[in-house]
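# Breakdown of the fold
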Amino acid sequence: LNLTIGGGFTILNKRKVLNIALRDSWRDGEVLIDEDHPPKAWRLTATGTYRDLIRALIAETMKWGDLPFVLPDVEGGTAHERNWDGWQFTSTWDEISDIADLEDGPEIRADPLIDTEGRLRFQVRVGTPEIIDQPYWTWNRLAPGQRAILDATDCDGGGLTGQHYMVGGRSDDKTLVAKADGHELTDHGWPLLQSSDSSHSTVTVLKTLQSYARAAILLGDTDQSTHGLRVGLEHDVHVGDHARLRVTHSNPDTNERDLLLDETIDLKITDVKWDAASEWLTLQTRPIKESA
């Protein structure tokens, strides 16, 4: 029996962002929607930190039916405010992802745990903006007993961009647009690479749309290499942790190891996998910065 099972947040793709008040006030038929003065039951509003906004989205959908989430505490404040219109019928996960995709958006994780009754639940973790359980794992491939192996490096150019265009909401004959430019790739001899995104059609605030554009440049206007690693099971590595790996290169003239070509790579852990029959963790990582 082979089962393909999603992570803790997967079910949120099947939950819509709807105010619980709509459950009792719902009527089939025509509904008059005035976007400037929408019916109260059709709009969900939340304020606070990004963590509070994400918490509010999950808490509201849990009112429609219980889900196995343990929510973080409310931080409070009025740093951010979001209004979600129920007539858009967007998924809860899409709206959470939109918050994470902002330039200063937080990292999000669902940590599995077993509660006191033996049930599997997921602790919702929201970073500020990162989630780092271990500031730096330090592995040296040259030292004996380190049990750290650099498997392979993959360079996928699909996300590369140096100029990103965003298309937001429309009002009458007007369309909200924003653009962000990067120079990292072109300064290193790359041709100008352009990209666009029209998936945020509900965004009506220019500052928000600009944040999405800058986030795309922050991720796309840089080296897209990812490094696969294997480390011993004794290292309790979590997604989000940072690692510093010392590696060696082959001398291109002799094809032999040359200690002068040693370097240290600073990495962020983006994926952790483990097979019960193995003593190794399989990691996927991306560079944090280019090391000397």
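Refer to the structure above for everything that follows.
The present account deals with the structure reproduced in this document.

The rules behind the values
Starting afresh in each chain, residues are numbered from 1 along the sequence in its written order. Owing to the predicted nature of the model, reporting of local features is limited to residues with pLDDT of at least 70; listing and counting of side-chain atom pairs is limited to 80 or more, with chain, interface and lining totals taken over all residues. Note: side-chain values were computed over all heavy atoms of the structure, leaving out hydrogens and water. Criterion used throughout: strands pair if DSSP finds at least two bridges between them. A run of H or I in DSSP counts as a helix once it spans at least four residues, and a run of E counts as a strand once it spans at least two, with each numbered from the N terminus. Pairs of N or O atoms within 3.5 Å make up the polar contacts considered here, provided that, within protein, one atom can donate a hydrogen while the other can accept it, and that residues adjacent in sequence are counted only when both atoms are side-chain atoms. Contact between two residues is taken to exist if any of their heavy atoms lie within 4.5 Å; hydrogens are not considered. Inter-axis angles, ranging from 0 to 180 degrees, are taken between N-to-C directions of lines fitted to C-alpha atoms, where helices are fitted over the stretch in contact. Every case where a carboxyl oxygen of Asp or Glu lies within 4 Å of a side-chain nitrogen of Lys or Arg is listed as a salt bridge. Note on classification: 1.4 Å probe, protein chains only; a residue is buried when its accessible area is under 20% of the maximum for its type, exposed when over 50%, partly exposed between these limits. In this count, Lys and Arg are taken as positive residues and Asp and Glu as negative ones, while His and the chain termini are left out. Put simply, two rings from Phe, Tyr or Trp (the six-membered ring, in Trp's case) pair if the centres are within 6.5 Å, and we call them stacked under 30 degrees between planes, edge-to-face over 60, tilted for the rest.

## A closer look at the sheet that holds strand β4 (residues 108–114)
- Ordered by their spatial adjacency, three strands build an open sheet running β2-β5-β4, and the pairing between neighbours is mixed. Every interior strand has two partners, whereas the edge strands, β2 (69–70) and β4, have only one.
- Relative to strand β5 (residues 120–126), β2 runs parallel, the two being bridged by two bridges. Bridge pairing in β5 places V70 opposite Q123.

## Examining the side chain of H242
- Among the secondary structure elements, H242 is positioned in strand β12 (residues 242–247).
- Within the structure, H242 has its side chain in polar contact with the side chain of E130 (distance 3.1 Å).
- Not counting residues up to four positions away in its chain, the partners in contact with H242 are E130, I132, Q134, P135, Y136, W137, L267, K268 and I288.

## Description of the sheet that holds strand β10 (residues 194–197)
- As summarised here, the arrangement of the three strands in space is β9-β8-β10, forming an open sheet in which the pairing is mixed. Of all strands in the sheet, those with a lone pairing partner are β9 (174–181) and β10, marking the two edges. Taking the axes of each pair of neighbouring strands and ignoring which way they run, one obtains an average angle of 20° across the sheet.
- Strand direction decides the pairing type here: strand β8 (residues 163–171) and β10, joined by four bridges, are parallel. Bridge pairing in β10 links Y165 to S196.

## Observations regarding the pattern of salt bridges
- Following the criterion strictly, the structure yields 17 salt bridges and no others.
- Of the charged contacts, one joins D111 and R125 as a salt bridge, the two residues approaching to 2.9 Å between their closest N and O atoms. Pair noted here: D111 is in strand β4 and R125 is in strand β5, with a separation of 14 residues, a long-range link.
- A salt bridge links R230 to D151, with the shortest nitrogen-to-oxygen separation between them at 3.2 Å. Here D151 lies in strand β7 (residues 148–155) and R230 lies in strand β11 (residues 225–232), a separation of 79 residues in the sequence.
- On the accessibility criterion, R230 (30% relative accessible area) is partly exposed.
- When its relative accessible area of 40% is taken as the criterion, D151 is described as partly exposed.

## Details of the side chain of R121
- Secondary-structure assignment places R121 in strand β5.
- D115 provides the closest opposite charge to the buried, unpaired R121, separated from it by 4.3 Å.
- Residues in contact with R121, not counting those within four places in the same chain, are D66, L67, P68, F69, V70, D111, P112, L113 and D115.

## Some details on the packing of aromatic side chains
- The final tally for this structure, using the stated rule, is five aromatic pairs.
- Note on F9 and W93: the rings are 5.1 Å apart at their centroids and 20° apart in plane angle, and the pair reads as stacked. One end of the pair, F9, is in the segment before α1 (21–25); the other, W93, is in helix α3 (residues 92–100), with 84 residues separating them in the sequence.
- Among the residues examined, W93 registers a relative accessible area of 24% and is labelled partly exposed.
- Ring geometry for W137 and W139: centres 6.0 Å apart, planes at 15°, overall stacked.
- Since its relative accessible area comes to 15%, W137 is described here as buried.
- Classification of W139 by relative accessible area gives buried; the value is 2%.

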